[in-house]
Amino acid sequence: MTPEHRSLATAIRAALLTGEATAKVFAARQVARDWRLGRLGFTFDVAMPDRPAWPEELELLPPRDMPKRGKMGSERNRIALWHALAHIEFVAIDLALDMAGRFGEAMGEEFVSDFLQVAADEAMHFALIARKLDSLGSSYGALPAHDGLWSAAQDTAGDVAARLGIVPMVLEARGLDVTPATLERVQAQGDENGAKILKRILDDEIRHVAAGSKHFHAICAKRGDNPRETWRNLVENHFSGGLKGPFNDSARLAGGLPRDFYAPIA
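Residues numbered from 1 in each chain as written. Predicted model: local features only at pLDDT ≥ 70, side-chain atom pairs only at ≥ 80, totals over all residues. Heavy atoms only, no water.

Any chance you could break down the pattern of salt bridges for me, citing the residues and the numbers?
With the rule as written, the count across this model stands at 19 salt bridges. Measuring nitrogen to oxygen at the nearest pair gives 2.8 Å for the salt bridge that ties Glu110 to Lys214. Of this pair, Glu110 sits in helix H4 (residues 109-135) while Lys214 sits in helix H7 (residues 192-223); the two residues are 104 residues apart in sequence, bridging distant segments of the chain. Here Asp260 ties to Arg228 by a salt bridge, and the two come within 3.0 Å at their closest N and O atoms. Highlighted residues: Asp260 in helix H10 (residues 259-262) and Arg228 in helix H8 (residues 227-238), separated in sequence by 32 residues. Residues joined by salt bridges that share partners form a network here, namely Glu75, Arg78, Lys132 and Asp191. (Salt bridge = Lys/Arg side-chain N within 4 Å of Asp/Glu carboxyl O. Helix = DSSP H or I, 4+ residues; strand = E, 2+ residues; numbered from the N terminus.)

Just give me the short version of the nonpolar core, but keep the residues and values in it.
Residues Ile12, Trp82, Leu97, Leu116 and Trp231 are the most contacted members of the largest nonpolar core, which totals 81 residues. The element contributing the most residues to this core is helix H3 (residues 75-107), with 14 residues. With near-sequence residues (within four places) excluded, Trp82 lies in contact with Ile129, Lys132, Leu133, Leu136, Val186, Asp191, Gly194, Ile197 and Leu198. (Core = buried A, V, L, I, M, F, W, Y, C linked by side-chain atoms within 4.5 Å. Buried < 20%, exposed > 50% of the residue type's maximum accessible area, 1.4 Å probe, protein only. Contact = heavy atoms within 4.5 Å.)

Pulling in residues and values, what's your account of the layout of surface pockets?
Considering only enclosed or pocket space, the second largest pocket measures out at about 240 Å³ in volume. In terms of lining residues, the second largest pocket is bounded by 16 residues, among which Glu20, Ala21, Thr22, Phe126 and Ala130 are the most central. Broken down by secondary-structure element, the contributors of at least two residues to the lining of the second largest pocket are helix H2 (21-36) and H4. The element best represented in the lining of the second largest pocket is H4, accounting for five residues. Tallied by class, the residues present in the lining of the second largest pocket amount to eight nonpolar, three polar and five charged. (1 Å grid on protein atoms, 1.4 Å probe; cavity = no way out; pocket = protein on both sides within 12 Å on 5 of 7 lines; lining within 4 Å. Points joined across faces, edges and corners; volume = space filled by probe spheres on them. Nonpolar A, V, L, I, M, F, W, Y, C, P; charged D, E, K, R; others polar.)

Here it is in structure tokens:
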């Protein structure tokens, strides 16, 4: 089947069900490119899978059972850090693909374009970190990873407002908070390559949070809901961890998430 004859949903589903890491990177970027070039029809003729495919060798553990990372000074802990980051970016590819495929028909073409671009960005982030792991003598799947990120997707599969409120506006926003400190530690160790990767990710994640915030406000306006109250209710109902500072207020604001959203419930 040529790209010109494929539906958007078929292409996204195929990328979600691609398990091998490098192949998923190529698949996600290809879907985004084919959509951008008009090669995919705005047709939703297949359902998204309940779970995406991930590498067979990847051992998944509950978050509470994950080994604790020590100080970053040792090679072992540096690898553990970059492996954890690789897993976050890998799952983020599927979160963005699923967002476009699961909710795109109702939300429209701009929504699809935004989140397929997010998927392509996350694929690029993963590729950069995978190369970093390779330079350290490791690879994605060499260490266990946790399944907490995808559980958030499953919990919000029935409501686009909940998905937008939790994934971009809580989980990705948390990345805006923690990445600068990680970047400083990496720079302090003289790892300029690692620092460049983290700076690129931080800049892109601001745009990702902004995309989530934009469409969250749009769906609230369509439903006649108050965005702040709706978001706080969704966080209370769908995010058990609670919001914890410190917060990167400037980056969050740039991403369309002002302090008066989250400060009262932190």
